[in-house]
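Summary of structural features
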Amino acid sequence: MIRVNEKPVVFRKGTKLKDLVAAIKPGADVFILNGYPVSQETLVLDNDECWLLKRGDVPDASEMEHLLYSRHTPGVQEKIKGSTVGIMGLGGLGSVVAVALARVGVGTLLLADYDVVEPSNLNRQQYFIAQVGLKKTQAMQANLAQVNPYVRVETFDGELSEENIPLVFGDVDVLVECFDQAEMKAKALRTALLHLPGKGYVGASGMAGFGENNLITTKKIFPNVFVVGDHKAEAKPGQGLMAPRVGIAANHQANQVLRILLE
Amino acid sequence: MEIIVNGENKNIDSGTSVEGYLKTLDINLETVVLECDGGILKRDEYPVRILKEGSVLEVIRFIGGG
């Protein structure tokens, strides 16, 4: 048995992907086998997951959710669909982490920020000119609905503190620290270690400027607790924050979240 | 007396508090997370926790940007 466009299909030995086109997706010209694009001449084997797609086709609503994950490593989305990830701060790190985790299909995202979108954010944060002045929680919720409407998005619009972090994020599987200020980064980690023991946690420290790519690393500092960054490049006068390097750090964080969820 | 800070041996005066020691390093206390002898310190413990001979202190420092 194989699965073709999510439907179970019985196949004969020697069947190639092109042999399935007429019955399942007439006119298909894109062939994806177990998450990877292949030639139509590829033979199928038992338990294969196949997608036959037509370039430029707009799928109907019932197909869309499955198609969003057709390039995933098989099985990934099923495993993370039941997960909840909390994101503290929706700036240069948090907005990028939110978009990456929505694309990959984390079931629920809990987004927290107190601020509004400002023009100075757009050099690195995942918002649009027309969203200047909107609450970041509201703007990001709208953007994620465009990216992947099958992700549940909850928001907390307010300032986070040592008192409310355990209450707001008590039920998440992984907590991602995406604050700008060093004081808040320290406060959040201390709170998580003291009051949310054992919870997956991914923080960040040091990603300003345009220094070397490879100085940004992901360090495990406690079981299930990680900090991403170069630990040196501080945002300060003369050294700003820009999309490329903040994005490197944010995607380190998003991938570490995925690794914790898939462990 | 000797303590171990982030894996390195350091000499300090006996009776020094965690806060007193960090101030000698010119570290902003609000930007660190501290683990002392296997336990995470609450913020209000910094001035009252006295380091002992052989204490193991881990200092996790954060810098701004995000």
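Source: prediction; values computed, not measured. (Residues numbered from 1 in each chain as written. Chains lettered and ligands numbered in written order. Predicted model: local features only at pLDDT ≥ 70, side-chain atom pairs only at ≥ 80, totals over all residues. Heavy atoms only, no water.)

**A short note on the overall build of chain B**
Convention followed: Runs of E in the DSSP output that reach at least two residues are strands. Runs of H or I that reach at least four are helices, and both are numbered from the N terminus. Note on exposure labels: buried denotes an accessible area under 20% of the residue type's maximum, exposed denotes more than 50%, and partly exposed covers the range between, all computed with a 1.4 Å probe on protein chains only. Whether two residues touch is decided by their heavy atoms; if any such pair falls within 4.5 Å, the residues are in contact. Note on areas: Shrake-Rupley, 1.4 Å probe, and residue coverage restricted to the protein chains presented here. By the counting scheme adopted, Arg and Lys are positive, Glu and Asp are negative, and His together with the chain ends is not counted. Charge positions are represented by NZ for Lys, CZ for Arg, CG for Asp and CD for Glu.
Per the secondary structure count, chain B includes 1 helix and 5 strands. Starting at the N terminus, the α and β elements of chain B follow one another as β-β-α-β-β-β. When each of the 66 residues of chain B is scored for burial, the buried share is 45%. Here the contacts in chain B between residues at least 6 apart in sequence split such that 56% fall between residues at least 24 apart. In the form shown here, chain B has an accessible surface area of approximately 3400 Å², with 46% of it arising from carbon and sulfur atoms. Counting 7 positive and 12 negative side-chain charges, chain B places the centres of these two groups 4 Å from one another.

**Let's talk about the overall build of chain A**
Check the secondary structure of chain A and you find 8 helices and 12 strands. Scored against the burial criterion, the 263 residues of chain A give a buried share of 49%. In chain A, the proportion of contacts linking residues at least 24 apart, taken out of those at least 6 apart, comes to 68%. If you sum the accessible surface of chain A, you get close to 13000 Å²; carbon and sulfur atoms cover 53% of it. Looking at charge distribution, chain A has the averaged site of its 27 positive side-chain charges lying 6 Å from that of its 29 negative ones.

**Here we look at the domain arrangement of chain A**
All names here are of chain A. Stated precisely, the cut-off is as follows: The start and end points of each domain follow an automatic or database-based domain assignment. Buried area is understood as the total, over both parts, of accessible area removed when two parts are fitted together, assessed with a 1.4 Å probe.
As assigned here, chain A comprises domain 1 (2-70) and domain 2 (77-262). Spacing between the C-alpha centres of domain 1 and domain 2 amounts to 35 Å. Contacts between domain 1 and domain 2 engage 5 residues on the former and 7 residues on the latter. Buried area between domain 1 and domain 2, summed over both chains or domains, comes out near 520 Å², and the portion from carbon and sulfur atoms is 51%.

**Comments concerning the interface of chain A and chain B**
Applied cut-off: In what follows, salt bridge is the name for a side-chain nitrogen of Lys or Arg lying within 4 Å of a carboxyl oxygen of Asp or Glu. What qualifies as a polar contact is a pair of N or O atoms within 3.5 Å, subject to a donor-acceptor requirement within protein and to the restriction that residues adjacent in sequence count only when both atoms come from side chains.
Tallying the contact residues gives 28 residues for chain A and 18 residues for chain B. Note on chain A versus chain B: buried area summed over both sides is about 1800 Å², and carbon and sulfur give 68% of it. For the chain A face of the interface with chain B, the top three residues by lost area are A:Arg190, A:Leu194 and A:Phe222, together amounting to 30%. Across the chain A-chain B interface, the total number found is 0 salt bridges. Scanning the region where chain A abuts chain B turns up 8 residue pairs in polar contact (both at pLDDT 80 or more). If you list the elements that add at least two residues to the side of chain A that touches chain B, you get helix H7 (182-195) and strand E11 (217-222) of chain A.

**A word on the packing of helix H4 (residues 94-104) of chain A against helix H8 (residues 243-262) of chain A**
Packed helices, taken two at a time, are described by their axes: the angle between them and the distance between them. All names here are of chain A. We apply this condition: To get an axis, fit a line to the C-alpha atoms, keeping to the stretch in contact for a helix; angles then go from 0 to 180 degrees between the N-to-C directions. When an angle is under 35 degrees it counts as roughly parallel; over 145 it counts as roughly antiparallel; between 65 and 115 it counts as roughly perpendicular; any other value is oblique. If you view the pair so one helix is near and one far, a crossing is left-handed when the near helix is turned anticlockwise from the far one by less than a right angle, and right-handed when it is turned clockwise. Asp, Glu, Lys and Arg are counted as charged, while Ala, Val, Leu, Ile, Met, Phe, Trp, Tyr, Cys and Pro are counted as nonpolar; the rest, among them Gly, fall into the polar class.
Relative orientation of the contacting elements H4 and H8 amounts to 40°, with a least axis distance of 8 Å. Relative to H8, H4 is oriented oblique. Considering how the two elements wind past one another, H4 and H8 form a crossing that is right-handed. Contacts from Val-96, Val-97, Ala-100, Leu-101 and Val-104 of H4 reach H8 at Ala-250, Asn-251, Gln-253, Ala-254, Val-257 and Leu-258. Residues of the contact of H4 with H8, tallied by class, amount to 9 nonpolar, 2 polar and no charged.

**Here's the deal with the layout of surface pockets**
Residues and elements named next belong to chain A. Our working definition: A 1.4 Å probe that fits but cannot get out identifies a cavity on a 1 Å grid over protein atoms alone, an open set with protein on both sides within 12 Å along at least five of seven lines counts as a pocket, and a residue lines either if it has an atom within 4 Å of a point. Grid points are joined across faces, edges and corners, and a volume is the space filled by probe spheres set on the points.
Counted as a void, the largest pocket has a volume near 460 Å³. What lines the largest pocket is a set of 23 residues, among which Asp-113, Tyr-114, Asp-115, Phe-179 and Asp-180 lie closest to the centre. Along the lines of polarity and charge, the residues of the lining of the largest pocket split into 7 nonpolar, 9 polar and 7 charged.

**Quick notes on the sheet that holds strand E3 (residues 32-36) of chain B**
Residue and element names in this part refer to chain B. The condition that has to hold: Pairing between two strands requires that DSSP report at least two bridges joining them.
Taken together, the 5 strands give an open sheet; going across it, the order is E2-E1-E5-E3-E4, and neighbouring strands pair in mixed fashion. Only two strands of the sheet have a single neighbouring strand rather than two, namely strand E2 (8-11) and strand E4 (39-40). Relative to strand E5 (residues 56-61), strand E1 (residues 2-5) runs parallel, the two sharing 2 bridges. For Ile-4, the partnering residue across the bridge sits in E5 and is Val-56.

**With respect to the sheet that holds strand E3 (residues 30-33) of chain A**
Residues and elements named next belong to chain A. Reading across the sheet, the 5 strands line up as E2-E1-E5-E3-E4 and stay open at both edges, with mixed pairing between neighbours. Looking at the sheet topology across the chains shown, the edges are occupied by strand E2 (7-9) and strand E4 (36-37). Summarising the sheet, strand E1 (residues 2-4) and strand E5 (residues 49-53) pair through 2 bridges and their orientation is parallel. Across the sheet, the residue bridging to Arg-3 is Glu-49, located in E5.

**Thoughts on the packing of H4(A) against helix H5 (residues 136-147) of chain A**
Residues and elements named next belong to chain A. The geometry of H4 relative to H5 is characterised by a closest axis approach of 9 Å and an angle of 30° between their N-to-C directions. Taken together, the axes of H4 and H5 lie roughly parallel to each other. In this structure, H4 crosses over H5, and the sense of that crossing is right-handed. Contact with H4, carried on its side by Ser-95, Ala-98, Val-99, Ala-102 and Arg-103, involves Met-140, Leu-144 and Val-147 of H5 and no other residues of that element.

**Re the environment of A:Cys178**
All names here are of chain A. Topologically, Cys-178 is positioned in the loop between strand E9 (174-177) and H7. By relative accessible area, Cys-178 is classed as buried at 3%. With 162 residues separating them in the primary sequence, Cys-178 and Lys-16 have C-alpha atoms 47 Å apart.

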